[in-house]
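Examining the three-dimensional arrangement
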Amino acid sequence: MKKFISLALVAAMTASLAACGGSSTATTTAAASEAETESAAAESTAAAAETSMTMVEGSAANEDPLGPSTASIHFKAGITNAMTGAYAAGLVAFRNHLEEMSDGDMTVDIYPSSALGNESDMLDAVSTGTQDMLVTSTGPIPAFANATANWAVLDLPYLFPTAETAYEVLDGEVGQFLLGEFDGTGVKALAFFENGYRCTTNSKKEIVHPDDLKGMKIRTMENKVHMATYTVLGATPTAMAMGEVFSALQQGTIDGQENPFSIIYYGNKLHEVQPYMTENNIFYSPAVLCISQDVFDGLTEEQQGWVIESAKLAKDEQRAVEQRMAVQARKDMEAYGIIISDIDQDEWIEATKPVYDDGSLGIDADLLAKIQAVTNK
């Protein structure tokens with residue numbers, strides 16, 4: 001962004017000086033040189049931000065997406081984000097544990113950046129056994145099968161006040177019940193990874209109050225609860241696959257989008273086309289590590305145990321990486337020049353309360369009560 005401004009200044013200054021007469025060559029050259037220096041500094045800043053992606057402990061940025069060829073079992077795993085993101089870090093942690101437990105006989109080949117399709121496509125592929133594994137957000141899960149419709153409860157706005165309360169719920173009775181709802185769908189849900197708290201970015205203006213969103217076209221996941229929330233806030237929610245978001249923002253098809261810091265910065269570089277960000281943390285977004293039930297059933301009992309244990313260990317490591325990425329991403333985005341706005345969260349909580357009363361969303365009242373018994377303690 002700073003580079004573009006500097007180059008624009010060069011053009012403007014050159015045109016202005018040329019209009020004043022022909023004796024301005026030295027001045028024009030000096031101005032151009034100064035602007036080029038500023039442009040180089042901007043490029044250096046952007047390069048530093050890029051480099052910092054590989055410096056977060058646990059990042060998979062420098063990892064080979066493919067496991068060693070010597071392994072006899074290769075799980076084909078898809079994610080919608082880049083290898084620099086937290087999903088890939090979780091899969092690499094899972095792979096490392098699996099290779100260690102199996103003495104190198106089992107590994108994971110990671111296909112990042114929607115190479116195998118969007119999350120809905122991959123869920124379907126895993127359910128039929130044409131793809132082995134994926135990490136998915138909760139976005140497509142309620143619509144995936146009748147059995148998983150009650151997952152919509154996890155998408156309610158401001159449900160989890162802290163990540164720690166989310167862990168308590170997801171690693172407890174409610175979370176294990178929800179993982180079990182995949183039984184019979186062709187997918188085995190292994191563990192809850194972390195996506196993070198979702199924030200709003202846009203290309204138009206600072207957003208501080210809910211009313212500031214009115215009339216803005218905001219990309220969301222294809223998720224009824226998320227879309228209902230942005231509708232209540234006065235925006236026009238537009239469901240779109242993650243792989244299409246960068247170009248849609250760049251072309252102005254949409255004004256903004258919502259995602260966690262790590263997805264915005266590390267996973268998809270959306271900061272390059274979104275100068276404004278609001279840390280409103282509307283949704284805490286889990287992610288889920290899944291394997292094809294057919295693939296899992298084809299393993300020996302010992303191998304199944306390794307998969308389950310590796311997922312359990314990777315879960316905690318992935319969450320820690322995501323937390324580090326969220327902190328570092330904010331720092332890097334501010335250094336890049338992104339304007340990040342803080343908010344009065346109570347104001348936003350009040351504005352989104354009508355979502356909880358929307359009967360069309362099919363929220364499981366019993367599950368919600370169990371979650372709130374933990375979060376309201």
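Residues numbered from 1 in each chain as written. Predicted model: local features only at pLDDT ≥ 70, side-chain atom pairs only at ≥ 80, totals over all residues. Heavy atoms only, no water.

Here we take up unusual backbone geometry. Note on backbone geometry: most residues besides glycine have negative phi, and most peptide bonds are trans. With a phi close to 55°, Asp-103 is a non-glycine residue in the positive phi region. Looking at the secondary structure, you find Asp-103 in the loop between α3 (86–101) and β2 (106–111). Of note, Ser-114 is a non-glycine position whose phi angle comes to about 60°, a positive value. With respect to the helices and strands, the residue Ser-114 is situated in the loop between β2 and α4 (119–128). (Helix = DSSP H or I, 4+ residues; strand = E, 2+ residues; numbered from the N terminus.)

For the rest of this paragraph, the subject is the nonpolar core. Membership of the largest hydrophobic core comes to 36 residues, with the highest contact counts inside it found for Trp-151, Leu-154, Phe-160, Phe-182, Val-288 and Ile-371. Per-element tally for this core: the top contributor is helix α6 (residues 163–170), with five residues. Contact partners of Leu-154, with chain neighbours within four places excluded, come to Thr-138, Leu-159, Phe-160, Leu-170, Leu-178, Phe-192, Tyr-284, Pro-286 and Ile-371. Core analysis: the next-biggest nonpolar cluster, separate from the first, contains 30 residues, Ala-60, Met-83, Val-92 and Ala-287 among them. (Core = buried A, V, L, I, M, F, W, Y, C linked by side-chain atoms within 4.5 Å. Buried < 20%, exposed > 50% of the residue type's maximum accessible area, 1.4 Å probe, protein only. Contact = heavy atoms within 4.5 Å.)

The next thing to look at is the confidence of the model for the chain. On average, residues of the chain score 88 in pLDDT, and 85% of them are at 70 or above. Here residues 1–54 scores under 50 on pLDDT; set against residues more than four positions off or in separate chains, the count is 43 contacts. (pLDDT = per-residue confidence, 0-100.)

Further remarks concern the packing of helix α7 (residues 173–180) against helix α14 (residues 365–375). Look at α7 against α14: their axes get within 10 Å of each other, and the N-to-C directions meet at 145°. Listed contacts from α14 to Glu-173, Val-174, Phe-177 and Leu-178 of α7 are Leu-367, Lys-370 and Ile-371. Class assignment for the residues of the contact of α7 with α14 results in five nonpolar, no polar and two charged. (Axes fitted to C-alpha atoms, helices over the stretch in contact; angles between N-to-C directions. Nonpolar A, V, L, I, M, F, W, Y, C, P; charged D, E, K, R; others polar.)

This part covers the pattern of salt bridges. Tallying each qualifying case throughout the model produces twelve salt bridges. Here Glu-173 makes a salt bridge to Lys-370, at a shortest N to O gap of 3.6 Å. Of this pair, Glu-173 sits in helix α7 while Lys-370 sits in helix α14, and the two are 197 residues apart along the sequence. Judged by relative accessible area, Glu-173 falls into the exposed class, the value being 60%. By relative accessible area, which is 42% here, Lys-370 ends up partly exposed. The salt bridge involving Arg-330 is made with Glu-334; its shortest N-O contact spans 3.4 Å. (Salt bridge = Lys/Arg side-chain N within 4 Å of Asp/Glu carboxyl O.)

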